[in-house]
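This is what each chain is made of:
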Protein chains: 2
Amino acid sequence: MTVEGYDPRAFPPFAVTVDLAVFTVRDGRLHVLLIERGTEPYQGAWALPGGFVLPRESAEQAARRELAEETGLSESTVAGLHLEQLRTYSDPGRDPRMRVVSVAYTALLPDLPEPRGGGDAAHACWKAHGGPQRLAFDHERILADAHERVGAKLEYTGLATAFCPAEFTLGELRQVYETVWGVELDRPNFRRKVLTTPGFVEAVEGGARLTGGRGKPAALYRAGPANALHPPLLRPEGRHST
Amino acid sequence: MTVEGYDPRAFPPFAVTVDLAVFTVRDGRLHVLLIERGTEPYQGAWALPGGFVLPRESAEQAARRELAEETGLSESTVAGLHLEQLRTYSDPGRDPRMRVVSVAYTALLPDLPEPRGGGDAAHACWKAHGGPQRLAFDHERILADAHERVGAKLEYTGLATAFCPAEFTLGELRQVYETVWGVELDRPNFRRKVLTTPGFVEAVEGGARLTGGRGKPAALYRAGPANALHPPLLRPEGRHST
DNA sequence: CCCTTTAGAGTCATGATGACTATAAAGGGG
DNA sequence: CCCCTTTATAGTCATCATGACTCTAAAGGG
């Protein structure tokens, strides 16, 4: 069966949706944006935000539109967010009602005020990742894949800054790594690594911020122009000596 | 628009297909499996192999089925091949006839005899990557994404062995890296790196192979159990993508 | 006035790496 | 046969990145 010579009116019909794994770091814990399902199947269970891809939009456009609707952020704000295609889930039977192929996306947000419900009835809220809640459909799997992908990307990209506000301290940046990876990092070594990696962060002149009222005030930085870290900032567990 | 409360008979209809970027290394050049299109649009142009996802199969099952059909390899052989989902292409208008969402997969094969046409009219053949041929639809973009992904995965996985026969020399393995990355690697340093990376390769006892009749015979190795390289084998120029 | 807390500077040993040099073992051309 | 080329394999050495540290600075709280 090839693409050539097929009848456009006789293709197997599929529904195509997007699912969003939206992460943030809040109070030193990884949180994910979830909605509570109001209808069967999985009524009352939590699920990833998402929805249909419309006939005239790409999957990424659908993902940004859904993200804006679920978080209440403006379209222009969402347009600048880091949104990355994770992978596509296509198992027959992943939705008991019909054949649905879903393109999953991952987004990283700084700690924002509670999302305001959008125009529709969706009530998305942040839930701590790894909590007791069971997710609907195969969303547990999607979320696990997304977490693994984010953890891996922190190693060789400057993506961790997407979890931080525009200006941040190195302590806040370090907490992002510690939270996503679930490890503790040596403070001086982390600082040395970040500052010697070209393009990772840029110092903000004159800035300093009290760290929650405790400890010495820290210098402020903003995200640098580099999108790849050379050499990468590897997870501690990932290193095996000869 | 959310997944909840929709009418299963009123979803926007899409066709879902798979596209395959199948690579091999032949004569020190990267080759890709292509088919020549026999019908409009893009009649006479080259395209990636692929086809519809059937109603009762997953996208990966469809990709393996198409790969077996296009290469003439047996289903059992294809079942053991390294096949990886690349990403999904969903731009409206990427196919002028109708709305088609395509899940792209990447496969790596050792240098095999010319593929035998399968049951249908498809005549897939190996073409040197980077040649003058223009590809149909957005397949040029898919192929570029696949090449970048394979190059990146060679850095931190033992995937390069998928391009080699079951037993191979370190020279053959090094040529895989040089061909995919388009660089020359220092022979002794490459050897040291591969042999000191745990689980990358295993020595084959007593084996030795003449390197095309030229030079000292080389020891044989087979792929090791590791699927991740620690630390990674980074490209000299250090090119990464997001 | 100490105590705790976090930021930030610096030290030291080890490991990984790039750039080399040198030797070994094959075939081919005189 | 001797040399030449070719490729494999064994080293050396300097440099850089890193993990595990110690030490000082600057804030707030009892």
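About the cut-offs
- Residues numbered from 1 in each chain as written.
- Chains lettered and ligands numbered in written order.
- Predicted model: local features only at pLDDT ≥ 70, side-chain atom pairs only at ≥ 80, totals over all residues.
- Heavy atoms only, no water.
- UniProt positions renumbered as here; feature names shortened; annotations may be inferred.
- Helix = DSSP H or I, 4+ residues; strand = E, 2+ residues; numbered from the N terminus.
- Buried < 20%, exposed > 50% of the residue type's maximum accessible area, 1.4 Å probe, protein only.
- Contact = heavy atoms within 4.5 Å.
- 1 Å grid on protein atoms, 1.4 Å probe; cavity = no way out; pocket = protein on both sides within 12 Å on 5 of 7 lines; lining within 4 Å.
- Points joined across faces, edges and corners; volume = space filled by probe spheres on them.
- Domains from an automatic or database assignment.
- Buried area = accessible area lost by both parts, 1.4 Å probe.
- Near = heavy atom within 4 Å.
- Polar contact = N/O pair within 3.5 Å; in protein donor to acceptor, adjacent residues only side chain to side chain.
- Nonpolar A, V, L, I, M, F, W, Y, C, P; charged D, E, K, R; others polar.
- Axes fitted to C-alpha atoms, helices over the stretch in contact; angles between N-to-C directions.
- Parallel < 35°, antiparallel > 145°, perpendicular 65-115°, else oblique.
- Phe/Tyr/Trp six-rings, centres within 6.5 Å; stacked < 30°, edge-to-face > 60°.
- Lys NZ or Arg CZ within 6 Å of the ring centre and 35° of its normal.
- Left-handed = near helix turned anticlockwise from the far one by under 90°.
- Core = buried A, V, L, I, M, F, W, Y, C linked by side-chain atoms within 4.5 Å.
- pLDDT = per-residue confidence, 0-100.
- Expected span 1.5 Å × (residues − 1).
- Salt bridge = Lys/Arg side-chain N within 4 Å of Asp/Glu carboxyl O.

Going by what an unreviewed UniProt entry lists, chain A is known as NUDIX hydrolase and is assigned to Streptomyces pacificus. Comment text from UniProt for chain A, heading Sequence similarities (unreviewed entry), reads "Belongs to the Nudix hydrolase family."

Caption draft 1: Local environment of the overall build of chain A. Of regular secondary structure, chain A possesses 5 helices and 9 strands. Secondary structure elements in chain A, listed N-terminal to C-terminal, are β-β-β-β-α-α-β-β-β-α-α-α-β-β. Taking all 242 residues of chain A together, the buried fraction comes to 52%. For chain A, the proportion of contacts with a sequence separation of at least 24, taken over those separated by at least 6, is 65%.

Caption draft 2: Local environment of the layout of surface pockets. Taken as a whole, the largest pocket spans an internal volume of roughly 1,700 Å³. Lining of the largest pocket is provided by 47 residues; of these, Arg149(A), Tyr156(A), Arg149(B), Lys153(B) and Tyr156(B) occupy positions nearest its centre.

Caption draft 3: The arrangement of the domain arrangement of chain A in detail. Residues and elements named next belong to chain A. Its domain assignment divides chain A into domain 1 (12-154) and domain 2 (157-223). The C-alpha centroid of domain 2 is placed 27 Å from the C-alpha centroid of domain 1. Between domain 1 and domain 2, roughly 1,300 Å² of surface is buried when both sides are summed, and carbon and sulfur atoms account for 72% of that area. It is Val 25, Lys 153 and Leu 154 in domain 1 that bury the most area against domain 2; as a group they hold 46% of the surface buried on that side.

Caption draft 4: Structural detail: the protein's contact with DNA strand D. Taken together, 25 residues form the shell around DNA strand D, and within it Asn189(A), Arg192(A), Arg187(B), Arg191(B) and Ala219(B) come nearest. Taking the atoms of DNA strand D that fall within 4 Å of the protein, sugar and phosphate contribute 60% of them. Between Arg192(A) and DNA strand D, the recorded distance is 2.9 Å, taken from a side-chain N or O atom to a base nitrogen. Take Lys193(A): an N or O atom from its side chain is 3.1 Å from a phosphate oxygen of DNA strand D. When contributions to the surface near DNA strand D are tallied by element, the ones reaching two or more residues are helix 5 (187-196) of chain A together with helix 4 (170-181), helix 5 (187-196) and strand 9 (218-223) of chain B. By residue class, the composition of the surface near DNA strand D is 8 nonpolar, 6 polar and 11 charged.

Caption draft 5: Expanded view of the packing of helix 4 of chain B against helix 5 of chain B. Residue and element names in this part refer to chain B. Two elements in contact, helix 4 and helix 5, have axes separated by 11 Å at closest approach and are oriented at 100°. By the angle class used here, helix 4 and helix 5 are roughly perpendicular. In this structure, helix 4 contributes Leu 170, Leu 173, Arg 174 and Tyr 177 to the contact, and helix 5 contributes Arg 187, Phe 190, Arg 191, Val 194 and Leu 195. Grouping the constituent residues of the contact of helix 4 with helix 5 by class yields 6 nonpolar, no polar and 3 charged.

Caption draft 6: Layout of the packing of aromatic side chains. Residue and element names in this part refer to chain A. Under the defined criterion, the tally for this structure stands at 7 aromatic pairs over all chains. An aromatic cluster of three or more residues is present, and its members are Tyr 177, Trp 181 and Phe 190. Just above the ring of Tyr 89 sits the side chain of Arg 87; from NZ or CZ to the centre is 5.1 Å.

Caption draft 7: Region of interest: the protein's contact with DNA strand C. DNA strand C sits among 26 residues. The nearest are Arg187(A), Arg191(A), Ala219(A), Asn189(B) and Arg192(B). Backbone sugar and phosphate groups make up 62% of those atoms of DNA strand C lying within 4 Å of the protein. Measuring from a base oxygen of DNA strand C, one finds a backbone N or O atom of Lys216(A) at 3.2 Å. Within the contact set of DNA strand C, a phosphate oxygen lies 3.2 Å away from a side-chain nitrogen or oxygen of Lys193(B). Counting only elements with at least two residues in the surface near DNA strand C, the list comes to helix 4 (170-181), helix 5 and strand 9 (218-223) of chain A together with helix 5 of chain B.

Caption draft 8: Up close: the packing of helix 3 (residues 139-156) of chain B against helix 4 of chain B. Residues and elements named next belong to chain B. At a minimum axis distance of 10 Å, the contact between helix 3 and helix 4 shows a crossing angle of 140°. Taken together, the axes of helix 3 and helix 4 are oblique relative to one another. With respect to the hand of their crossing, helix 3 and helix 4 are arranged in left-handed fashion. Side by side, helix 3 and helix 4 meet where His 147, Val 150, Gly 151, Leu 154 and Glu 155 of the first sit next to Val 176, Tyr 177, Val 180 and Trp 181 of the second. Of the residues belonging to the contact of helix 3 with helix 4, the class tally is 6 nonpolar, 2 polar and 1 charged.

Caption draft 9: Just the nonpolar core, in detail. If you look at the biggest cluster of nonpolar residues, it comprises 54 residues, and the most contacted ones within it are Val22(A), Leu67(A), Tyr105(A), Val22(B), Leu67(B) and Tyr105(B). Contact partners of Val22(B), with chain neighbours within four places excluded, come to His31(B), Val32(B), Leu33(B), Leu67(B), Ala107(B), Leu109(B) and Trp126(B).

Caption draft 10: Region of the structure containing the confidence of the model for chain A. Considering every residue of chain A, the mean pLDDT works out to 89; 88% of them sit at 70 or more. For residues 1-5 of chain A, every residue scores under 50 in pLDDT, and the model assigns this stretch 23 contacts once sequence neighbours within four places are set aside.

Caption draft 11: Highlighting helix 1 (residues 59-71) of chain A. Residues and elements named next belong to chain A. In this model helix 1 runs 18 Å from its N-terminal to its C-terminal C-alpha over 13 residues, within 8% of the 18 Å that 1.5 Å per residue would give. Among the residues of helix 1, those classed as buried are Ala 59, Ala 62, Ala 63, Arg 64, Arg 65, Glu 66, Leu 67, Ala 68, Glu 70 and Thr 71. Buried residues along helix 1 sit in contact with strand 1 (15-26), strand 2 (29-36), strand 4 (50-52), helix 2 (75-79), strand 5 (83-89) and strand 6 (100-108).

Caption draft 12: Highlighting the pattern of salt bridges. Residues and elements named next belong to chain A. Considering all chains together, one arrives at 32 salt bridges over all chains under this definition. For Glu 84, the salt bridge is made with Lys 153, and the minimal N-O distance between the two is 3.3 Å. With Glu 84 in strand 5 and Lys 153 in helix 3 (residues 139-156), this pair connects stretches of sequence that are 69 residues apart. The pair Glu 84 / Lys 153 is uniform in exposure class, with both members buried. Ionic pairing is found between Arg 97 and Asp 95, a salt bridge with its closest N-O pair at 2.7 Å. Here Arg 97 falls in the partly exposed class, since its relative accessible area comes to 27%. Salt bridges sharing partners connect three or more residues here, namely Glu 57, Arg 65, Glu 66 and Glu 69.

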